[in-house]
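# Survey of secondary and tertiary structure
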Amino acid sequence: MCGIVGLFLKDKSLEPKLGDMLTDMLITMTDRGPDSAGIAIYGPGTEGRAKLTVQSDTPDADFAGLDTALAERLGGRVSMTVKDTHAVLEIGKGEIDAARAALSEIRPSVRNMGQGESLEIYKEVGLPKDVAARFDLRGMSGTHGIGHTRMATESAVTTMGAHPFNTGPDQCLVHNGSLSNHNSLRRKLRREGVHIETQNDTEVGAAYITWRMMNGATLGEALESSLVDLDGFFTFVVGTKDGFGVVRDPIACKPAVMAETEQYVAFGSEYRALVDLPGIGQARVWEPEPATVYFWSHNAVPTAHEKAA
Amino acid sequence: MQTFDLEAQGLRQLNATLHAQADDTNQTAWEVVNPRGSHAIAVGLDAPIEVNVKGSTGYYCGGMNKQATINVHGSVGPGVAENMMSGMVVIEGDASQYAGATGHGGTLVIKGNASSRCGISMKGIDIIVHGNIGHMSAFMAQSGNLVVCGDAGEALGDSLYEAKLFVRGSVKSLGADCIEKEMRPEHTEILRDLLERGGCDAKPEEFKRYGSARQLYNFNIDNAY
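No experiment lies behind these values; they were computed from the predicted model shown. (Residues numbered from 1 in each chain as written. Chains lettered and ligands numbered in written order. Predicted model: local features only at pLDDT ≥ 70, side-chain atom pairs only at ≥ 80, totals over all residues. Heavy atoms only, no water.)

### Description of the overall build of chain A
Definition in use: A run of H or I in DSSP becomes a helix once it reaches four residues, and a run of E becomes a strand once it reaches two; helices and strands are each numbered from the N terminus. Every radius of gyration here is taken over C-alpha atoms, with the globule rule written as 2.2 Å times N^0.38, N being the number of residues. Using a 1.4 Å probe on the protein chains alone, a residue whose accessible area is under 20% of its type maximum counts as buried, one over 50% counts as exposed, and one in between counts as partly exposed. Working rule for contacts: check all heavy atoms of both residues, and any pair within 4.5 Å makes them a contact. Accessible surface area values rest on a Shrake-Rupley calculation with a 1.4 Å probe, where residue burial reflects the displayed protein chains alone. Here the positive residues are Lys and Arg and the negative ones are Asp and Glu; neither His nor the chain ends is included. Where a charge sits is defined by one atom per residue type, namely NZ (Lys), CZ (Arg), CG (Asp) or CD (Glu).
Tallying secondary structure elements over chain A gives 8 helices and 16 strands in all. Here the C-alpha atoms of chain A give a radius of gyration of 18 Å, agreeing with the 19 Å that 2.2 N^0.38 yields for 309 residues. On the principal axes, the C-alpha backbone points of chain A span a range of 55 × 45 × 40 Å. Burial status across chain A gives 59% buried among its 309 residues. In chain A, 70% of the contacts between residues at least 6 apart in sequence involve partners at least 24 apart. Roughly 11,900 Å² of accessible area belongs to chain A as shown, and the carbon and sulfur atoms make up 50% of that amount. Positive and negative side-chain charges in chain A, numbering 30 and 41 respectively, have mean positions lying 2 Å apart.

### Examining helix α3 (residues 66-74) of chain A
Residue and element names in this part refer to chain A. The criterion, for reference: As used here, the arc belongs to the directions running from the helix axis to the C-beta atoms.
Inspection of α3 places L66, L70, A71 and L74 among the buried residues, and these make up the whole buried set. One face of α3 carries all of its buried residues, which in axial projection span an arc of 130°. Elements in contact with the buried residues of α3: α2 (59-63), β4 (79-83), β5 (86-92) and α4 (96-106). Following α3 by one or two positions, G75 has its phi on the positive side, about 70°.

### Notes on the sheet that holds strand β6 (residues 111-116) of chain A
Residues and elements named next belong to chain A. The following threshold applies: Strand pairing is assigned whenever DSSP identifies at least 2 bridges connecting the two strands. In this analysis, axes come from line fits to C-alpha atoms, helices being fitted only over the stretch in contact, and the angle between any two N-to-C directions falls in the range 0 to 180 degrees.
One open sheet accounts for 4 strands, arranged β4-β5-β3-β6; its pairing is antiparallel. Each end of this open sheet is capped by a strand with a single partner; those strands are β4 and β6. Here the strands of the sheet are splayed against their neighbours by 20° on average, with no regard to which way each runs. In this sheet, β5 lies alongside strand β3 (residues 49-55) in antiparallel orientation, the contact comprising 7 bridges. Within the sheet, the bridge partner assigned to A50 lies in β5 and is I91. α3 rests against β4 and β5 of the sheet, and its axis sits at about 30° to β5. This element, α4, spans β3, β5 and β6 of the sheet and lies at about 30° to β3.

### Here's the deal with the packing of helix α6 (residues 182-191) of chain A against helix α7 (residues 201-214) of chain A
Residue and element names in this part refer to chain A. Put simply, the rule is: When an angle is under 35 degrees it counts as roughly parallel; over 145 it counts as roughly antiparallel; between 65 and 115 it counts as roughly perpendicular; any other value is oblique. Should the near helix be turned counterclockwise from the far one by less than a right angle, the crossing is left-handed, whereas a clockwise turn marks it as right-handed. Any residue outside Ala, Val, Leu, Ile, Met, Phe, Trp, Tyr, Cys, Pro, Asp, Glu, Lys and Arg is labelled polar, Gly included; the first ten of those are nonpolar and the last four are charged.
Interhelical geometry of α6 versus α7 gives an angle of 40° and a closest axis separation of 10 Å. Our classification of the angle between α6 and α7 gives oblique. Note on packing geometry: the crossing formed by α6 with α7 is left-handed. Residues H182, L185, R186, K188 and L189 of α6 lie in contact with α7, whose contacting residues are D201, V204, A207, Y208 and W211. Split into classes, the residues belonging to the contact of α6 with α7 amount to 6 nonpolar, 1 polar and 3 charged.

### Some remarks on the environment of E206(B)
Residue and element names in this part refer to chain B. Selection rule: Here a polar contact means two N or O atoms within 3.5 Å. Within protein one must be a hydrogen donor candidate and the other an acceptor candidate, and residues neighboring in sequence count only if both atoms are side-chain atoms.
Relative to the helices and strands, E206 is located in the loop between α3 (185-197) and β11 (208-212). Between the C-alpha atom of E206 and that of V167, which follows or precedes it by 39 residues, the distance is 8.6 Å. Side chain to side chain, E206 and R168 meet in a polar contact 2.8 Å long.

### So, the nonpolar core
Selection rule: Among buried residues, the Ala, Val, Leu, Ile, Met, Phe, Trp, Tyr and Cys ones that are joined through side-chain atoms within 4.5 Å form a nonpolar core.
Counting 47 residues, the largest nonpolar core has V51(B), V80(B), L108(B), I133(B) and L146(B) as its most contacted members. If you tally residues by element for this core, the top one is strand β7 (residues 123-129) of chain B, at 3 residues. Residues I39(A), F135(A), A266(A) and I280(A) belong to the second largest nonpolar core, which totals 31 residues.

Any functional reading would require information beyond the geometric quantities listed.
Structure follows, in structure tokens:
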């Protein structure tokens, strides 16, 4: 069992409250996943800049002087915001690959959580309320975000086993369920040269989506083909630069509830997660259909049909 | 009318209070406010009382019900009226998966849609759905009636025993050993009564009946021990 929450804002006036609303939703889902928690939030970006969220188990040592050291290697401007075990490094837009390569040399114990122009990912082991407090999730603003509470079934309770998983620039995935063919798929993806770090089933699902998009599929196509290539139970929620998507496996035993009003589109594993949202009493509330890919986007052309960068 | 604030008084207190009502209680009308999607609201009741839940609920609302009438003024999560024995449960909104699962008796009315596995392994309950139902509904259904005024999803009535299924709209596909059957006068009469009990604005003549072809392994006497 795991819990998923997601919130996509249509009403700009709610953006300063995104972190606050998502945190309440996340904490309500503690019963479904008390092992670890994580959140992906799409906040304000800076034109021409990119963000790299990194994590360290020894943040005091690893993050000390990291911005200066990285700036030296990249030869450009680097700004760093540290939150507990995570740090967000703001670098030049085209410098993500160079920065990751440099990081693996100057700070080998620092781990990559996410990358993109607006995406920041925070995840740790612990109760959702404690994880939220460590990163001050309540104070974050943004256009949309997704969160996850984990009850581990397939692999160890570790930071790297927590969700969301980064699947590409400004893209991430959370999962409720269990994949049964993740071992064979992991071997196959590794043969294709895809880096997979843990024994976690969802990381394989995320790597699969990334691999499909690296080979020319759109996010929508990658999710469609996941219905064929992934065996097991899943409700996936994916975050994109301008919205989010939902897909459930054809058996659809993992729960999902959606709510939509003029102000937002919300996702919850259970209705309980949605009860404090404004105007929920008048919202259109429904259960997403099995084996159907849904997207909500700020773009006229949804991200699902755009080619990955 | 007794009003119970679930948020203030808590779930254990609610169910303990409702369980304490006997056959001859004078407190026959109850209202539950602030359900906020909570699980296991009004489960295991065994008294002829009426409970009105003012809002949407989570898992297992009205489970194992005997005698009581439970009205939910909202939608319900998975497993509503699971293993109901008698009485009546009415949902004004939609129901999530496995509504009325394993129910032995009583009537479950869903005024919106029900999702997957509605009436799975039903054993005598009557389920009346005003809208549509999802895939794998009435899987291994043993007895009772399932009425669907809208459409049915994939694999309706897979591995069915003696339950009767009535569908007004389309059926996406029938499960293993489930077939369309002739609507005889006695079925029309059963259905007329069910539609009336469910408050449906539909005529029995508009429905098709589905049931077991009785061709699976268990139906062959040579396979009996």
